[in-house]
Amino acid sequence: GAVVSQHPSRVICKSGTSVKIECRSLDFQATTMFWYRQFPKQSLMLMATSNEGSKATYEQGVEKDKFLINHASLTLSTLTVTSAHPEDSSFYICSARGLSGGPQETQYFGPGTRLLVL
Amino acid sequence: AQKVTQAQTEISVVEKEDVTLDCVYETRDTTYYLFWYKQPPSGELVFLIRRNSFDEQNEISGRYSWNFQKSTSSFNFTITASQVVDSAVYFCALSDPETSGSRLTFGEGTQLTVNP
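Right, let's walk through the structure included here. Throughout, residues of each chain are indexed from 1 in the direction in which the sequence is written. Lettering of chains starts at A and numbering of ligands starts at 1, both following the order in which they are written. In keeping with the model being predicted, local features are shown solely for residues with a pLDDT of at least 70 and side-chain atom pairs are shown and tallied solely at 80 or more, while totals for entire chains, interfaces and linings include all residues. In computing side-chain values, all of the structure's heavy atoms are included and hydrogens and water are not.

1. With respect to the state of the cysteines
Residues and elements named next belong to chain A.
- Any two cysteine sulfur atoms within 2.5 Å of one another count as a disulfide. Within this structure, the stated rule accounts for 2 disulfides over all chains.
- Shown here is the disulfide that connects C23 with C94, its sulfur atoms set 2.0 Å apart. In this structure the cystine formed by C23 and C94 twists about its S-S bond by roughly 80 degrees; its chirality is therefore right-handed. You can see C23 sitting in strand β3 (residues 19-25) and its partner C94 sitting in strand β9 (residues 90-97), a full 71 residues away along the chain. One exposure class covers both C23 and C94, and it is buried.
- The thiol of C13 is unpaired, and the distance to the nearest cysteine sulfur, on C94, comes to 18 Å.
- Relative accessible area decides the class of each residue, using a 1.4 Å probe on protein chains only: under 20% of the type maximum gives buried, over 50% gives exposed, and in between gives partly exposed. The buried category is assigned to C13, whose relative accessible area is 10%. Secondary structure is summarised from DSSP: a helix means a run of H or I of at least four residues, a strand means a run of E of at least two, and numbering begins at the N terminus for each.

This is how it looks when you write it as structure tokens:
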């Protein structure tokens, strides 16, 4: 149980294009999903917290107009990197937390998406 | 402020050796949760264990064991008889709801390499 999928696993795009990444909880309902970014040999950096049916909460320094998050259902959240530039190249990982949504719940992580912007 | 410190950046051992990964945390909350995750080269974070602040019992799961010491704010992870497949980055994380809401605070990770 507690499986989270991400699609695509890898994407290469041209500078200026937009890229959408999907995060799905496959066998549980997630009221809260999280989006992280990870640079090589570094820890995870939380970008935003996404609650189903409401606006995402972005961390300081993360541009909400550049990283659009939609959490339309209890099993799906999407992250759209708009007008991507080479500096947006990174490993993006989502996580999902169970239905109770409380902080005591475990976050289960997706396999990540490697984005390369040329 | 909440903080998780994994002082060991990299550890290299030979197969079958025991290895302990250290984790020290800081929080003002009285109720908090500690986690360990494994990140193999494929990138996915694999959940290993969750501990709440009121449960100081040590836990063993196969070759894995965890030592939670509130007195020293530590939550160390030991792998017994390590195997090559244990090679990965291991992250310790803290959830302290009063201070950080729903966020997880991650340590910087420890890269474990198990050589044959």
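2. Brief notes about the pairing of strand β8 (residues 76-81) of chain A
All names here are of chain A.
- Counting buried positions along β8 gives 6 out of 6 residues, so the element sits mostly inside the fold.
- A two-sided burial pattern is seen for β8, the buried positions comprising L76, T78 and T80 on one face and S77, L79 and V81 on the other.
- By the bridge criterion, 6 bridges tie β3 to β8 in an arrangement that is antiparallel. From the neighbouring strand, I21 faces β8, where its bridge partner is L79.
- Two strands qualify as a pair provided that DSSP identifies no fewer than 2 bridges between them. As paired elements, strand β7 (residues 67-73) and β8 share 5 bridges and run antiparallel to each other. Residue pairing across strands places S73 opposite L76, the latter belonging to β8.

3. Considerations on a nonpolar patch on the surface
Residues and elements named next belong to chain A.
- A grouping of I12, L116 and L118 is seen on the molecular surface, where their side chains present a nonpolar patch of about 310 Å² in accessible area.
- Relative to the assigned elements, L116 resides in strand β11 (residues 113-117).
- Judged by its relative accessible area of 40%, L116 falls in the partly exposed class. Residues enter a patch when their relative accessible area is above 30% and they make no salt bridge; the linking distance is 9 Å between like charges and 5 Å between nonpolar side chains (Val, Leu, Ile, Met, Phe, Trp, Tyr). Reported accessibility uses the Shrake-Rupley method at a 1.4 Å probe radius. Residues are deemed covered only where the shown protein chains occlude them. Each reported salt bridge corresponds to a side-chain nitrogen of Lys or Arg within 4 Å of a carboxyl oxygen of Asp or Glu.

4. Observations regarding the sheet that holds β7 of chain A
All names here are of chain A.
- A sheet is described by the order of its strands in space; here 4 strands give the open sequence β1-β3-β8-β7, paired in antiparallel fashion. Two strands in the sheet have a free side with no partner beyond their single neighbour: β1 (4-7) and β7. Within this sheet the neighbouring strands show an average axis-to-axis angle of 15 degrees, counted without direction.
- Summarising the sheet, β1 and β3 pair through 4 bridges and their orientation is antiparallel. Opposite H7, over in β3, you have E22 as the bridge partner. To define axes, lines are fitted to C-alpha atoms, for helices over the stretch in contact only, and angles between the resulting N-to-C directions are given on a 0 to 180 degree scale.

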